[in-house]
Amino acid sequence: MAKGYWVSVYPANSDPERLTAYNKLAGPAVRAEGGRVLSRDGRVVAHEAGITQRVVLIEFDGFEQAVAAYESEAYQKALVALPDGVERDFRIIEGID
């Protein structure tokens, strides 16, 4: 079964304190659904149209599990805490194997 991944890139964040509030809710929600944070706020080298702002990569054992985690009640509550001042490019992608 192919793994599933959440890929989040944050081009803009004008409210870091409220992003912290989101993180406090999102972390436990993701872990409860089997998600593992592989990268968060690490070093980034951007090429072409890439950006170097906050990047988060989370792995799940399967694509469907990744989708279900996003749709979970706990994660939906976390999304409410995501401030308006945060611009985020979020994707759920399927791994090759």
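Above: the structure in question.
Quick caveat, the model's predicted, so the values are computed rather than measured.

A. Geometry of the overall build of the protein. From N to C terminus, the protein includes three helices and four strands. Along the protein, helices (α) and strands (β) appear in the sequence β-α-β-β-α-α-β when read from the amino end. Oriented by its inertia axes, the alpha-carbon framework of the protein measures out at about 35 × 35 × 15 Å. Per-residue burial for the protein yields a buried fraction of 33% across its 97 residues. Of all intrachain contacts in the protein linking residues separated by at least 6 positions in sequence, the fraction that spans at least 24 positions is 78%. Summed over its atoms, the accessible surface of the protein is roughly 6,200 Å², and 51% of this surface lies on carbon and sulfur atoms.

B. Looking closely at the packing of helix α1 (residues 16-32) against helix α3 (residues 73-81). At a closest axis distance of 8 Å, the pairing of α1 and α3 adopts a crossing angle of 175°. The angle between α1 and α3 falls in the class roughly antiparallel. Counted together, R18, A21, Y22, L25, A26, A29 and V30 of α1 and A74, Y75, K77, A78, L79, V80 and A81 of α3 form the full contact between these two elements. Looking at the contact of α1 with α3 residue by residue, the classes come out as twelve nonpolar, no polar and two charged.

C. Spatial organisation of α1. Taking 1.5 Å as the rise per residue, α1 with 17 residues should run 24 Å; its terminal C-alpha atoms sit 24 Å apart, in good agreement. The complete set of buried residues in α1 reads L19, Y22, A26, G27, A29 and V30. Buried residues in α1 make contact with β1 (4-13), β3 (55-60), α3 and β4 (86-94). In the stretch just after α1, G34 is the one whose phi turns positive, near 90°.

D. Focus on the layout of surface pockets. Volume-wise, the largest pocket comes out at about 240 Å³. In this structure, the largest pocket is lined by 18 residues; those nearest its centre are N23, A26, G27, V56 and I58. Put simply, the parts of the chain that give the lining of the largest pocket at least two residues each are β1, α1, β2 (36-40), β3 and β4. No other element matches α1, which puts six residues into the lining of the largest pocket.

Criteria and cut-off values
Residues numbered from 1 in each chain as written. Predicted model: local features only at pLDDT ≥ 70, side-chain atom pairs only at ≥ 80, totals over all residues. Heavy atoms only, no water. Helix = DSSP H or I, 4+ residues; strand = E, 2+ residues; numbered from the N terminus. Buried < 20%, exposed > 50% of the residue type's maximum accessible area, 1.4 Å probe, protein only. Contact = heavy atoms within 4.5 Å. Areas by Shrake-Rupley, 256 points an atom, 1.4 Å probe, with all protein chains shown as cover. Axes fitted to C-alpha atoms, helices over the stretch in contact; angles between N-to-C directions. Parallel < 35°, antiparallel > 145°, perpendicular 65-115°, else oblique. Nonpolar A, V, L, I, M, F, W, Y, C, P; charged D, E, K, R; others polar. Expected span 1.5 Å × (residues − 1). 1 Å grid on protein atoms, 1.4 Å probe; cavity = no way out; pocket = protein on both sides within 12 Å on 5 of 7 lines; lining within 4 Å. Points joined across faces, edges and corners; volume = space filled by probe spheres on them.

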